[in-house]
Amino acid sequence: MQGFLFFKLAYNSKSNNNKPITTMKHITFITLLLSLAFTGCQKQQAADIDLDAVTTALEKSDTILGLYIEKLDSEFTTQDVKVKIVCRDYPHEYETNYAPNMLKLNSNYTESALLTDLDLVMDHYKKRDSIRC
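Considering the overall build of the protein chain
Here is step 1: What the protein chain contains, in helices and strands, is five helices and zero strands.
Here is step 2: Ordered by position from N to C terminus, the α and β elements of the protein chain give α-α-α-α-α.
Here is step 3: Taking all 133 residues of the protein chain together, 22% fall into the buried category.
Here is step 4: Taking the contacts inside the protein chain whose residues are at least 6 apart along the sequence as the reference set, 58% of them involve residues at least 24 apart.

What about a negative patch on the surface?
Here is step 1: Taken together, the side chains of E95, E111, D117, D119 and D123 present a region of like negative charge at the surface.
Here is step 2: If one sorts the elements of the negative patch by residue count, helix 5 (residues 111–129) sits on top with four residues.
Here is step 3: Positionally, D119 belongs in helix 5.

Brief notes about the side chain of N101
Here is step 1: Its place among the elements puts N101 in helix 4 (residues 79–105).
Here is step 2: Excluding anything up to four places from it in sequence, N101 contacts V54, A57 and L58.

Structural notes on the pattern of salt bridges
One side chain can pair with another of opposite charge once the charged atoms of both are near each other.
Here is step 1: Per the stated rule, a full pass over the model turns up five salt bridges.
Here is step 2: The closest approach of N and O atoms between R88 and D89, which form a salt bridge, is 3.1 Å.
Here is step 3: On the basis of relative accessible area, D89 is assigned to the buried category, the value being 15%.
Here is step 4: The structure contains a network of salt bridges with shared partners spanning D73, K82, R128 and D129.

Digging into the packing of helix 3 (residues 51–73) against helix 4
Here is step 1: Interhelical geometry of helix 3 versus helix 4 gives an angle of 155° and a closest axis separation of 9 Å. With respect to helix 4, the element helix 3 is oriented roughly antiparallel. The chirality of how helix 3 crosses helix 4 is left-handed.

Description of the packing of aromatic side chains
Here is step 1: Considering all chains together, one arrives at three aromatic pairs under this definition.
Here is step 2: Considering the side-chain rings of Y90 and Y94, the 6.3 Å spacing of their centres and the 15° angle between planes classify their relative orientation as stacked. In this pair, Y90 and Y94 are both assigned in helix 4, four residues apart and thus about one turn of the helix distant. Across this residue pair, the class does not change: Y90 and Y94 are buried.
Here is step 3: Members of the aromatic cluster, connected to one another through ring pairs, are Y68, Y90, Y94 and Y98.

Observations concerning the environment of I131
Here is step 1: Inspection of the secondary structure assignment puts I131 in the segment after helix 5.
Here is step 2: Look at I131 and you get buried, because its relative accessible area is 5%.
Here is step 3: Separated by 44 residues in sequence, I131 and C87 place their C-alpha atoms 8.4 Å apart.
Here is step 4: Once residues lying within four places of it in the same chain are set aside, the contact partners of I131 are Q79, K82, V83, V86, C87, Y125 and K126.

Quick word on the side chain of D129
Here is step 1: Locating D129 in the fold gives a position in helix 5.
Here is step 2: For D129, a relative accessible area of 13% gives the class buried.
Here is step 3: Those residues in contact with D129, other than ones at most four positions away along the chain, are L72, Q79 and K82.

Definitions and limits used
Residues numbered from 1 in each chain as written. Predicted model: local features only at pLDDT ≥ 70, side-chain atom pairs only at ≥ 80, totals over all residues. Heavy atoms only, no water. Helix = DSSP H or I, 4+ residues; strand = E, 2+ residues; numbered from the N terminus. Buried < 20%, exposed > 50% of the residue type's maximum accessible area, 1.4 Å probe, protein only. Contact = heavy atoms within 4.5 Å. Patch = residues over 30% accessible without salt bridge, like charges linked within 9 Å, V, L, I, M, F, W, Y side chains within 5 Å. Areas by Shrake-Rupley, 256 points an atom, 1.4 Å probe, with all protein chains shown as cover. Salt bridge = Lys/Arg side-chain N within 4 Å of Asp/Glu carboxyl O. Lys, Arg positive; Asp, Glu negative; His and termini not counted. Charge placed at Lys NZ, Arg CZ, Asp CG, Glu CD. Axes fitted to C-alpha atoms, helices over the stretch in contact; angles between N-to-C directions. Parallel < 35°, antiparallel > 145°, perpendicular 65-115°, else oblique. Left-handed = near helix turned anticlockwise from the far one by under 90°. Phe/Tyr/Trp six-rings, centres within 6.5 Å; stacked < 30°, edge-to-face > 60°.

Listed below in structure tokens is the structure:
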């Protein structure tokens, strides 16, 4: 439909000196160049990344980490459970699921920044609850 509209405009134009084919070639060429410029400038995702699966995995991991934080903040959680969460469960979930999926979805994060965030959170709970791993 757009090609027909361009052709009709080129054919009816007074400034084209009755050369609809030449004008149509120019319009087609310009349109092709613009489309290549726009598609060439877009950041391309790796073909093997399934964004829905990565997003789902990240949300699941975020939920698990949220549950760990709730348990750590609860006054009813025993010290043994807190030690297990801080020393083993939370870092394992974060490093094996959360951080890799976050890196796949958001290029603004780096692995070192995510690990620094993990260290800050774990240091807080270690200090607050006197936990040694």
